[in-house]
Amino acid sequence: MAEAGVASETRDAPAPAASNVPDERLAIRLWLRMLACTTRIEQDIRRRLREEFSTTLPRFDVLAQLDRAPEGLTMSGLSARLMVSAGNITGLVARLADEGLVERAPHPEDGRAQVVRMTAEGQRVFGQMTPAHASWVAEMFEGLSDTEAQALHNALGRLKDHLERPS
């Protein structure tokens, strides 16, 4: 279903330029639409994790990253993957370790670093959350056809690649 005002925005928008650079007004509208969608999705996932699993999105994200790296991750590797500071990760990992969901061990080659791994209990808890999380995300994208979802995925992939290029 179209949002209020979308039809007039589309009619009033200037024709796209022949180049790959969208006009500034379109770029700003696109950025704001992406931000609104991302914010709504994140808020809903945060609420559902809190209500159904008594956990937070940052805790889920740490477990998800560790699930993808069974050999473990250093604290700096974990913070890089989550795109947050190491300071933010330290307290979170400490609480997860206190609850028996992760374990920390000295890095075998760097005595200053620690390797964080998910425990069997962490795997069990994360395994309970992942099917629910996947269904919530799928539910949020039900408004798009498979073709639209694939086109959006492809377009965002191109944007991500462009943003990651050295300037």
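Coordinates for the structure precede this section.
**Let's talk about the overall build of the protein**
Helices and strands together make up the secondary structure of the protein, namely seven helices and three strands. Secondary structure of the protein in N-to-C order comes out as α-α-α-β-α-α-β-β-α-α. Counting only residues that meet the buried cut, the protein has 23% of its 167 residues in that class. Of all intrachain contacts in the protein linking residues separated by at least 6 positions in sequence, the fraction that spans at least 24 positions is 46%.

**Comments concerning helix 6 (residues 120-140)**
Taking 1.5 Å as the rise per residue, helix 6 with 21 residues should run 30 Å; its terminal C-alpha atoms sit 31 Å apart, in good agreement. The principal kink in helix 6, of about 25°, is found at Thr130, preceding the proline Pro131 by one to four residues. Looking at helix 6, one finds that the buried residues are Gly122, Val125, Phe126, Met129, Ala132, His133 and Trp136. Residues of helix 6 that are buried make contact with helix 2 (24-53), helix 3 (57-67) and strand 3 (114-118).

**Points about the sheet that holds strand 2 (residues 102-106)**
Read from one edge of the open sheet, three strands run 1-3-2, paired in antiparallel fashion. The sheet is open, and its two borders are formed by strand 1 (73-74) and strand 2, each paired with just one other strand. Bridge analysis of strand 1 against strand 3 gives two bridges, and the strand direction is antiparallel. Of the residues in strand 3, the one forming a bridge with Leu73 is Val116. In the packing of helix 3 onto the sheet, the strands contacted are strand 1, strand 2 and strand 3, and the crossing angle to strand 3 comes to about 95°.

**Some points on the environment of Pro70**
Take Pro70: it is sitting in the loop between helix 3 and strand 1. Note: C-alpha distance between Pro70 and Val116 (46 residues apart in sequence) is 9.5 Å.

**Describing helix 5 (residues 86-98)**
Taking 1.5 Å of rise per residue, the 13 residues of helix 5 would be expected to cover 18 Å, and the 18 Å separating its terminal C-alpha atoms lies within 8% of that figure. Within helix 5 the residues assigned to the buried category are Ile89, Leu92, Val93 and Leu96. What you see down the axis of helix 5 is that its buried residues fit within an arc of 100°, all on one side. Counted as exposed and oriented over 90 degrees from the buried face of helix 5: Gly87 and Asp98. Gly100, located one to two residues past helix 5, shows a positive phi value of around 80°.

Calculation notes
Every chain is numbered independently, its residues counted from 1 as its sequence is written. With the structure being a predicted model, the display of local features is reserved for residues of pLDDT at least 70 and the display and counting of side-chain atom pairs for 80 or more, all residues being used for whole-chain, interface and lining totals. Heavy atoms from the whole structure form the basis of all side-chain values; hydrogens and water molecules are not counted. Under the scheme used here, helices are H or I runs from DSSP no shorter than 4 residues and strands are E runs no shorter than 2 residues, and both carry numbers assigned from the N terminus. Buried residues are those whose accessible area, probed at 1.4 Å on protein chains only, stays under 20% of the maximum for their type, while exposed residues exceed 50% and partly exposed ones sit between those limits. Between two residues, a contact is recorded if the distance between any of their heavy atoms is within 4.5 Å. The span expected for a helix works out to 1.5 Å for each residue beyond the first. For a residue, the bend is simply the angle between two axes, fitted respectively to the seven-residue segment ending there and the seven-residue segment starting there. DSSP calls a pair of strands paired once it identifies at least 2 bridges connecting them. Lines fitted to C-alpha atoms define the axes, with helix axes restricted to the stretch in contact, and inter-axis angles between N-to-C directions lie between 0 and 180 degrees. It is the directions from the helix axis to the C-beta atoms whose arc is reported.

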